[in-house]
Amino acid sequence: MHIIHFGFLAPSIRINDLPIVPIKVIGGFLAYVGILCYAFFIGRIRKIVFHLMYFYYVDFVIAMTFLARIRGEFVSADPEVFHFIGLDIVLISFGIAGIRLYQIRSS
């Protein structure tokens, strides 16, 4: 699905002549590469810390993307209700994951 998404994303950026600022997209690029690689290596990763690093990093990048859209920092992307809902979902998932991790560590 993410490869298909990239197949639509890249031409969209080119067609709409959106500016690419390397320092702003490097975090998202790394998250994207991580998402694609994780699908192939998920069964081989044995240490929980690597799974947690992956999920928290990708969630952080998603949260920052929603926040940037809410602030109006994306060219041709006005803030929408969906961006607020998406940010809320990501923050709630951060909280739930943190609570569950704490509960697992405590027992």
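Scroll up to find the structure this text is about.
Calculation rules
Every chain is numbered on its own, with residues counted from 1 as its sequence reads. Where local features are concerned, this predicted model is filtered to residues with pLDDT of at least 70; where side-chain atom pairs are given and counted, the filter is 80 or more; whole-chain, interface and lining totals use all residues. To obtain the side-chain values, all non-hydrogen atoms of the structure were included, while hydrogens and water were left out. Numbering goes from the N terminus for both helices and strands, where a helix is a DSSP run of H or I of at least four residues and a strand is a run of E of at least two. For a helix, the expected span equals 1.5 Å multiplied by the residue count minus one. Interaxial angles span 0 to 180 degrees and are taken between N-to-C directions of axes, which are lines fitted to C-alpha atoms, for helices over the stretch in contact. Should an angle fall under 35 degrees it is called roughly parallel, over 145 degrees roughly antiparallel, and 65 to 115 degrees roughly perpendicular, with every other angle called oblique. Take the far helix as the reference: if the near one is turned anticlockwise from it by less than a right angle, the crossing is left-handed, and if turned clockwise, right-handed. In what follows, residue pairs with any heavy atoms lying within 4.5 Å of each other are defined as contacts. By the convention adopted, Pro, Cys, Tyr, Trp, Phe, Met, Ile, Leu, Val and Ala count as nonpolar, Lys, Arg, Asp and Glu as charged, and the other residues, Gly among them, as polar. Whenever Lys or Arg places a side-chain nitrogen within 4 Å of a carboxyl oxygen from Asp or Glu, that contact is recorded as a salt bridge. When accessible area is computed with a 1.4 Å probe and restricted to protein chains, residues below 20% of their type maximum are described as buried, those above 50% as exposed, and intermediate ones as partly exposed. Pairing of aromatic rings covers Phe, Tyr and Trp, the last counted by its six-membered ring, and requires centre-to-centre distances within 6.5 Å; plane angles under 30 degrees mean stacked, over 60 mean edge-to-face, and any other angle means tilted. Definition of nonpolar core: a set of buried residues of the types Ala, Val, Leu, Ile, Met, Phe, Trp, Tyr and Cys, connected through side-chain atoms within 4.5 Å.

Engineer: Would you mind going over helix H1 (residues 2-15) with me for this structure?
Structural biologist: Along an α-helix, residues three or four apart share an orientation, since each turn contains 3.6 residues. Its 14 residues place the ends of H1 20 Å apart at the C-alpha level, agreeing with the 20 Å of an ideal helix rising 1.5 Å per residue. Positive phi appears at Asp 17, one or two residues downstream of H1, with a value of about 55°.

Engineer: Honestly, the packing of helix H3 (residues 48-70) against helix H4 (residues 81-106) in this entry has me stumped. Any pointers?
Structural biologist: For any two helices packed against each other, one specifies the inter-axial angle together with the distance between the axes. Where H3 contacts H4, the two axes come as close as 9 Å, and the packing angle between them is 155°. Comparing the axis directions of H3 and H4 gives the class roughly antiparallel. Seen along the crossing, H3 lies across H4 with a hand that is left-handed. Of the residues in H4, those touching H3 at Leu 52, Tyr 56, Asp 59, Phe 60, Ile 62, Ala 63, Phe 66, Leu 67, Arg 69 and Ile 70 are Phe 82, His 83, Phe 84, Gly 86, Leu 87, Val 90, Ser 93, Phe 94, Ala 97, Gly 98 and Leu 101. Of the residues contributing to the contact of H3 with H4, the split by class is 15 nonpolar, four polar and two charged.

Engineer: How should I be thinking about the pattern of salt bridges in this particular structure?
Structural biologist: It is possible for side chains bearing opposite charge to pair when their charged atoms get close. In total, this model carries one salt bridge according to the counting rule given. With a closest N to O distance of 3.8 Å, Glu 73 and Arg 71 form a salt bridge. By relative accessible area, which is 58% here, Arg 71 ends up exposed.

Engineer: Looking at this structure, I do not really get the packing of aromatic side chains. What am I missing?
Structural biologist: Any aromatic ring pair is given by two values, namely how distant the centres are and how the planes are angled relative to each other. The full count for this structure, using the stated rule, is six aromatic pairs. An angle of 10° between the planes, with centres 3.8 Å apart, marks the rings of Tyr 38 and Tyr 54 as stacked. Taken together, the residues Tyr 38 in helix H2 (residues 22-41) and Tyr 54 in helix H3 connect sequence positions 16 residues apart. Accessibility assignment for this pair places Tyr 38 and Tyr 54 in one class, buried.

Engineer: Honestly, the environment of Phe 60 in this entry has me stumped. Any pointers?
Structural biologist: For Phe 60, the position within the fold is in helix H3. C-alpha of Phe 60 to C-alpha of Ser 93: the two residues are 33 residues apart in sequence and 11 Å apart in space.

Engineer: Even after reading the chapter, I still don't get the packing of H2 against H3, so can you show me in this structure?
Structural biologist: Contact geometry for H2 and H3: axes closest at 10 Å, N-to-C directions at 135°. Comparing the axis directions of H2 and H3 gives the class oblique. At the point where H2 passes H3, the crossing takes the left-handed sense. From H2, Gly 27, Gly 28, Leu 30, Ala 31, Gly 34, Ile 35 and Tyr 38 reach across to H3, where they touch His 51, Tyr 54, Phe 55, Tyr 57, Val 58 and Val 61. Per-class residue counts for the contact of H2 with H3 are nine nonpolar, four polar and no charged.

Engineer: So what exactly am I meant to see when it comes to unusual backbone geometry here?
Structural biologist: A negative phi angle characterises most non-glycine residues, just as the trans form characterises most peptide bonds. Positive phi, normally seen in glycine, also occurs at Asp 17, with a value near 55°. Residue placement: Asp 17 occurs in the loop between H1 and H2.

Engineer: What should I look at first to understand the nonpolar core in this one?
Structural biologist: A general feature of soluble globular proteins is that nonpolar side chains tend to end up buried together. In this structure, Ala 31, Ile 35, Tyr 38, Tyr 54, Val 58 and Val 61 together form the largest nonpolar core, which totals six residues. Counting residues per element, the ones that place at least two in this core are H2 and H3. Those residues within four positions of Tyr 54 in sequence are excluded, and the remaining contacts are Gly 34, Ile 35 and Tyr 38. Among the nonpolar cores identified, the runner-up in size contains five residues, and Ala 63, Ile 70, Leu 87 and Val 90 belong to it.

Worth remembering: the numbers are spatial, not functional.
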